Structures are given as structure tokens and as C-alpha cells.
Amino acid sequence: MDEILKQIAHCVEFGKINNASPYPPDMKGQEGADELTRKALDSGVPVEDILTHALIVGMKNVGVKFRENKVFVPQVLMSAKAMGAAMEHLKPHFASGAAKRKGTFIIGTVEGDLHDIGKNLVSMMVEGNGYEVIDLGVDVSAGKFLAEAEKYPHGVIGLSALLTTTMVNMEKIVKTIKDKYPDRIICIGGAPVSDDFCKKINADFYSPDPQGAVEFLNELAAG
Amino acid sequence: MPRLKILSKEVSLTEKVPRGAMLLDILRTAGHEMYTPCGGQGTCGKCRVYVRDRGYVTSCLFPVMEDMEIVLPEPSEASIMAEQYAHTRQLPADPGPSARLSAHPYGVAVDLGTTSLVFHFVNLMTGALVETRAILNPQAKYGADVISRINYCVLNPQGARILQQEIINTVNAELLRFAGNAGTGKTDVVRICFTGNTTMLHILLGVDPGPIAYVPFTPAFTEEKILRAADLDLECHPGGEVKILPSLSAYIGSDIVAGIASLKPSTAHKNYLFLDLGTNGEMALCTPDRIYCCSSAAGPAFEGANIEHGMGAAEGAIMSYDGPGRFRIIGDTRPTGICGSGLIDLVAWLLAGGRISGDGYMAGDFIIATAAESATGQAICLTPKDVREVQLAKSAVASGINILLSHAGLSADQIDALYLAGGFGNYIRPANAASIGLIPRELCARAMPAGNTSGTGALLSLRSVSFDGILEEILSRMKNLELSDHPDFVMQFAMNMEFHT
């Protein structure tokens, strides 16, 4: 059982989606996260073990390498895709309540802004680390965030912006949510955003990289 | 025998010449130095002179059959013309009715760039280019890129007005300086044509550029605007015509529309690509029926921003790189940093030597010039993070080109020419640009610098009202592709960040 979990973790870390995928070149023709996860479930490996000892391990390794500038966007994206392929097999078990996730994360790119690569990376890293992710997409209004906050009372909210012109909308959205739910945790990220800006607009957490967001959520989940 | 009257700044003479003799030969015989890089073969267009009542003619192809008056270029124009490009469109001088506002009418073509402003002063009687000036955009203190300028306008109640005043003051200072130097009255300037990106044109008119930065990117105007100089308090003839050339969209301004219109590619070039690499990379794929264009946030990496020792193409910049100790510096002083063309060369060299891997990983800083060699007393180096910035910038451009190609249903080898607009295009080495994946490999040998096409477009508009028809025709064929909501863009952008070694 350990062997197959290690293999899945390796596929996630290096972005091997499935047998047919040519990426990465040195794993051509091998089974990917897709086939291996199916196999693991069929042979009775518990869903939580696959999540904890394969997906989370793989995503954490690539997240740390990204933070240390050893890998870049394409590798992280391929890792996220491999993780997504594995997650497809796990989802029915979460939906049925047979397996539990660590929490819920509501994420979106703020009003006026269409940039989604950074938001997608965070979204996929968080999902691969065992959270349910509600991805609201791009150009998301304060009203939409508020409605989702109502629907998921324990959901942590993540706001993304890539432009100096749209980061001002973060302030508006944080205020809208905090006016109604003062205790709701909101984290922010994006190229123009900083820790100082985070404090200024009364958000709770800023991370310059996706792994930081995952670690923050893990701390919250650990209580 | 026809009589020929030759007018130039110093002399005016009339002489009889043999009927049918080539004008170029007559001018040379009369002792006028003529610049003919093509050797009088009629292909380069650099020996043009102005024939009264006929407009510009290419003198090596023009037999003199009757009496005529020739106006020779002023010396300052000659040197600028020598730098002009073979594929620039030529139009007969016809500045329109505003030229009648003065007995000695002048006009100014202004290219409003985010970073610099270029002024072309023109004698509207002859169409002669009298002076060209490039100065820094005074708004630079409010931010380097259009987004930060827009941000200023959004956050400050009088923002757009404040930035407008900065531009107007600078244009006025140039107008007064010109009038002083040329010994003309300020009211002799009777026509001004502006090109620029959509944001700069909004600011010029004091119109809020805010909507340009937000979805769905709808600018307040894109159409041509014609005003009177008094409307903008410009220091010239109050009734003079001020023309703002038309734009296509929020991120395809009149700088690009007029830039494309300023080119007249060889008829052998059916499909060609126009690339203007600045903070925003604008690109257009011109085909016989449609012109597909898009703008992609290339980021200011090639202009030096976000690069540890990056700088613009100014004195002290390493502008080319061929290996340790083998680099060229602008101004041949000690190096202070590296500019876009040098950066492309350097990354291409490091990739070829395996110091940067195909996925963009570089183990540590690479020293370009030691502390002892540099002008700053500090080593000039390339950091692993700089390589990441180059990956982002080159992918934004490469992905934009790919999406244009797929919309046009063309492959890179079906593109006959690549025009590189802007100063960057003069320095860039196409082979290295292809090595790092900025442009398709197939286009290396077909790349050529096109100069400041936006400024040339403004100049053509100033000199000749017939340019309007060309602009209109170009605009009617242009199709704007918005990359940020394009389904293929995100995946393309991410995967094109890799280097293919």
C-alpha cells in the first residue's frame, strides 16, 4: 500500500496526469495519477490515506519547490492537473460523506479583474491539500462573495487581484463581508498585494505564494 | 529645354536642363548631395524631393519633361530620412485647409507614448520634416505603466485633469521652443496630430480612463476626434486643427492603428506580423482581408523593470551579449545594467550553454560584469528570479502570436514578414529572440525593424489628409481579440513559459 501511495505522490509532484500524457518527458508511457488512484481505491486503500499520504504530500513538495523558485508555473499547473485527475476518483466518497475534508475554501478573482492563473494555482493547491474549494471564477462581485459566505458558514474566503486598479476592490469586498460577518476569515493574494495592504484593508492573511495559503488553512484547521 | 528652379535653404537657382534627363542626375550635376542607398535603382525611396504642384517624387525615377520647381530637403530632414525605413508608406503632401491659416504654416505630429513623447515638426508648405524631438513623458512620476496612470486618475478626484495638464504643459513648452528656434510666430503652427495608446489619448482630452482598466474594458471613446487648438489651450494658432487619430479598443490604441497604416509592405508580403514590444506587447497579424490583433501584458521586463539589474536602452546599458567579457554597452562607457536586447541575448546564451534548463531553472546568480568592471561598483548579475520574469514576458508575447495565428488559420511559416516596431526592434537580434521562444523560429530571417511607427503614422496624418482613408480601411479590417477571456490563453500562457532547447 505504501508503494502505490508513493507512486501517486510522485505523479502529483512531477505532473504526471495519466498514461497518455507526454508530460513529464522522463515518465512517458508510465501510469499517471489517474490510473494509480483508481487502482489504489480498487485494492481497498482508504480515501483519507490517498489524500493524506499521496495528494497532500505531492502538492506540498511542489508548493515548497515553487516557493524556493526551483519550479515555475508550468510544473505547478501540471502537478495540479495530476492532482485533479486523482481527485476525480475521490470526489464521490467526499460527496457521499464516506470521507471528510479538512474544510471549505471560497475563492475568486475580484470584480473588474479577469486574471485567473494565480487564483487557479491557489485553488488547486488548496484542493489538493484536502479542502473543498468553491471557485467563483473571475470578476466576482462583493454580493456574490457575501452570498457564498452565507451558504458556507465555516468557509474561509480567498480574494485574488492582479492589477493595482482592481486591488482597491478587495477593500470593498472585505468591508462588505466583515460588516455582516466580523469573524469571517479572509485571505488575499496577487502580484500587487502586500502584507501592509492586507492590514490596511482589515483582511486576515496575505501570502506571496500558494503554499503559504495552504499552511495558513492547515493552522486554522488544526485549531 | 525645360527650366528647372531648385529651392533649398541656402540657394535658389534656375537652370535649363535636357528634356527627359533624370531628376537625380540633374541634382547631382548641380552639386547637391543626394543619399541613395539603393544606388539609384528606384527601390529605397530615399532620394525623394518635393516638386511643387506634384508632391513628392522619387528623383532617380523621375524624368524632367517640363518646367518645374523643386524643393530640396532641409539638411536636418536629410539625416532623419536616411534613417527611415524602406517599407514606410509615402503620400503626397496635402495638409488640408488648416494650412491656409498662415502664410508659413507648420504642423506638429505627436506620438504620446507611456514612457516618451516624440514630436515631428513639419513645414506644411513643403511637407518637409524640420525637426524631430523625443522627450520623457512628464507623467512618468505617476507610475511607469498605463495601469498605474489609470489608478492615479481613479483614486484622485482631479486625477485625469492633473495628468492632462502635465501633457498639455509639455506640448506647449515644445511648441514655444519650436517657434523660438524656427523664428516663426506661435500662430504659424496650424495643425497638430496625436497618436498614442488609448489611455494616453483619454488623458490628453481630460477624459476619465478608468473603464479601460476594468472588465469589460470599454473606453469612453475610440473614434477620431477633431478639436480646435483653443479647446485644449495649446500654444499655437487658436483656430488650428487638433486631430486625435482613431483607436480600435482599450488596449489597441491609435499608436497601433496608425502604426500599421504607416507601413507599406512589399506586395510579395501577403501575411505579415506587426509587433510593438513595450510594457504592453501589442501585436497584429495582417492578412489580405482581416487584421487580427491583441494586446498582452508582456510586463515591463524588457524595459528593465522587475529585473534586478535591468534598465531601459540608455547610456551604460548592456545592449548585446555574446559570452563572458563579450558584450556591447550603449555609449561605450562602463556598464550600469542590462536592457531588453541584452537580456534576450544573455538568456539565449545561458540556455545554449545549459546554465538555464528548459524549465527555466538556474542554480544561482550569473555574473555579467564584476564590481570592478561595472560603473556602479557593484557586480551586474542575472538572478534566477530574473529568468522567471523573462519566462512570463516571453510567454505573454509568444502565446499572443499563437492565438493570432490560430484565429487566422495560419502557421508561422506562412507569415512573410515580421515588423518590429519601437526602439527595441532596432536592437533585438531575431535569432536570439527565437531561441528564448519570444518569436517563432520561422520568422527569424523575416524580421525587420520598423522604427517608431506610431510617430510615423502621426506624421503621415499631419502631412496628408489622404491618410484618413487608409486609417479607415485598416480599422475596418481590424478584429480585436481579448486574450484575458480567451479559452486557450491561460493554458498557452502557462505552457509557453517553458524554454524549448
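Here we summarise the structure given alongside this text.

## Things to note about the overall build of chain A
In terms of regular secondary structure, chain A is built from 9 helices and 5 strands. If you list the helices and strands of chain A from N to C, you get α-α-α-α-β-α-β-α-β-α-β-α-β-α. Judged by the C-alpha coordinates and their principal axes, chain A covers about 50 × 35 × 25 Å. Residue burial in chain A is summarised as follows: out of 223 residues, 55% are buried. For chain A, the accessible area works out to roughly 9500 Å², and carbon and sulfur atoms hold 54% of it. Here chain A holds 24 positive side-chain charges and 30 negative ones, and the gap between their average locations is 1 Å.

## Focus: the nonpolar core
Grouped together as the largest cluster of nonpolar side chains are 112 residues, with contacts concentrated most on A:Ile50, A:Leu55, B:Leu275, B:Ile368, B:Leu382, B:Ile436 and B:Leu438. The greatest single-element share of this core, amounting to 12 residues, is contributed by helix α4 (residues 73-95) of chain A. The contacts of B:Ile436, once residues within four sequence positions are left out, are B:Ile344, B:Val347, B:Ala348, B:Leu351, B:Val390, B:Lys394 and B:Phe499. Counting 46 residues, the second largest nonpolar core, distinct from the first, contains B:Tyr142, B:Cys153, B:Ala160 and B:Ile168.

## A look at the packing of aromatic side chains
Residues and elements named next belong to chain B. The full count for this structure, using the stated rule, is 12 aromatic pairs over all chains. Taking 6.0 Å as the distance between ring centres and 70 degrees as the angle between the ring planes, the aromatic pair formed by Phe217 and Tyr251 counts as edge-to-face. In this pair, Phe217 sits in the loop between α5 (198-204) and β10 (225-228) while Tyr251 sits in the loop between β11 (241-244) and α6 (254-261), placing the two residues 34 residues apart along the sequence. Overall, the relative accessible area of 14% leaves Phe217 in the buried class.

## Description of the pattern of salt bridges
Residues and elements named next belong to chain A. Within the structure shown, the criterion is met by 30 salt bridges over all chains. Where Glu215 meets Arg67, a salt bridge forms, and the shortest distance between an N and an O atom there is 3.3 Å. Of the two residues, Glu215 is situated in helix α9 (residues 210-222) and Arg67 in helix α3 (residues 47-67); the sequence distance between them amounts to 148 residues. Given a relative accessible area of 31%, Glu215 falls into the partly exposed group.

## Observations concerning the environment of A:Leu36
Residue and element names in this part refer to chain A. Within the fold, Leu36 resides in helix α2 (residues 33-42). Judged by relative accessible area, which is 3%, Leu36 ranks as buried. On a C-alpha basis, the gap between Leu36 and Lys119 in space is 28 Å, while along the polypeptide they are 83 residues apart. Excluding anything up to four places from it in sequence, Leu36 contacts Ile4, Gln7, Ile8, Cys11 and Glu31.

## Quick look at the sheet that holds strand β16 (residues 327-329) of chain B
Residues and elements named next belong to chain B. Taking strand neighbours across the sheet as the criterion, the 3 strands line up as β16-β15-β17 in an open arrangement whose pairing is mixed. Bordering the open sheet on either side are β16 and β17 (337-338), each of which pairs with just one other strand. Inspection of the sheet shows strand β15 (residues 317-321) paired to β17 by 2 bridges, in the parallel sense. Directly across from Ile318, in β17, lies its bridge partner Ile338. Packed onto the sheet, helix α7 (residues 340-352) meets β15 and β17 and runs at close to 40 degrees relative to β15.

## Looking at the interface of chain A and chain B
If you look at the interface, chain A gives 23 residues, while chain B gives 25 residues. Between chain A and chain B lies a buried interface of about 2000 Å² when both sides are counted; carbon and sulfur atoms form 70% of it. Contact with chain B buries surface across chain A, with A:Phe72, A:Leu114 and A:Thr165 losing the most and accounting together for 30% of the total. At the boundary of chain A and chain B, one finds 4 residue pairs in polar contact (both at pLDDT 80 or more). Elements that contribute at least two residues to the side of chain A that touches chain B include exactly α4 and α7 (164-180) of chain A. The greatest single-element share of the side of chain A that touches chain B, amounting to 6 residues, is contributed by α4(A). A breakdown of the residues in the side of chain A that touches chain B according to their chemical character gives 11 nonpolar, 7 polar and 5 charged.

Rules and cut-offs
- The numbers attached to residues start from 1 for each chain and follow its sequence in the written order.
- A letter from A marks each chain and a number from 1 marks each ligand, given out in the order of writing.
- At least 70 in pLDDT is required for a residue's local features to be given in this predicted model, at least 80 for side-chain atom pairs to be given and counted, and no such filter applies to totals for whole chains, interfaces and linings, which use all residues.
- The basis for every side-chain value is the complete set of heavy atoms in the structure, and neither hydrogens nor water enter the calculation.
- Segments assigned H or I by DSSP are reported as helices when at least four residues long, segments assigned E as strands when at least two residues long, and all are numbered from the N terminus.
- Buried means the residue's accessible area, taken with a 1.4 Å probe over protein chains only, is under 20% of the maximum for its type, while exposed means over 50%, and partly exposed covers the values in between.
- Residue exposure ignores everything except the shown protein chains as possible cover, and the areas themselves are Shrake-Rupley values with a 1.4 Å probe.
- His is not counted here, nor are the chain ends, while Lys and Arg score as positive and Asp and Glu score as negative.
- The atoms used to mark charge sites are NZ of Lys, CZ of Arg, CG of Asp and CD of Glu.
- Put simply, a nonpolar core is a bunch of buried Ala, Val, Leu, Ile, Met, Phe, Trp, Tyr and Cys residues held in one set by side-chain atoms that sit within 4.5 Å of each other.
- Contacts between residues were defined by any pair of non-hydrogen atoms, one from each residue, lying within 4.5 Å.
- Ring pairs shown here join Phe, Tyr and Trp side chains whose ring centres sit within 6.5 Å, with only the six-membered ring taken for Trp; geometry is labelled stacked below 30 degrees between planes, edge-to-face above 60, and tilted in between.
- We define a salt bridge as a side-chain nitrogen of Lys or Arg found within 4 Å of a carboxyl oxygen belonging to Asp or Glu.
- Any two strands between which DSSP finds at least two bridges are classified as paired.
- In this analysis, axes come from line fits to C-alpha atoms, helices being fitted only over the stretch in contact, and the angle between any two N-to-C directions falls in the range 0 to 180 degrees.
- Here the quantity called buried area is the total loss of accessible area, with a 1.4 Å probe, experienced by two parts when brought into contact, counted for both.
- Whenever a nitrogen or oxygen atom comes within 3.5 Å of another N or O atom, the pair is scored as a polar contact, on the condition that within protein one atom can donate a hydrogen and the other can accept it, and that pairs from neighbouring residues in sequence are kept only if both atoms are in side chains.
- Each residue gets one of three labels, nonpolar for Ala, Val, Leu, Ile, Met, Phe, Trp, Tyr, Cys and Pro, charged for Asp, Glu, Lys and Arg, and polar for the others, Gly among them.

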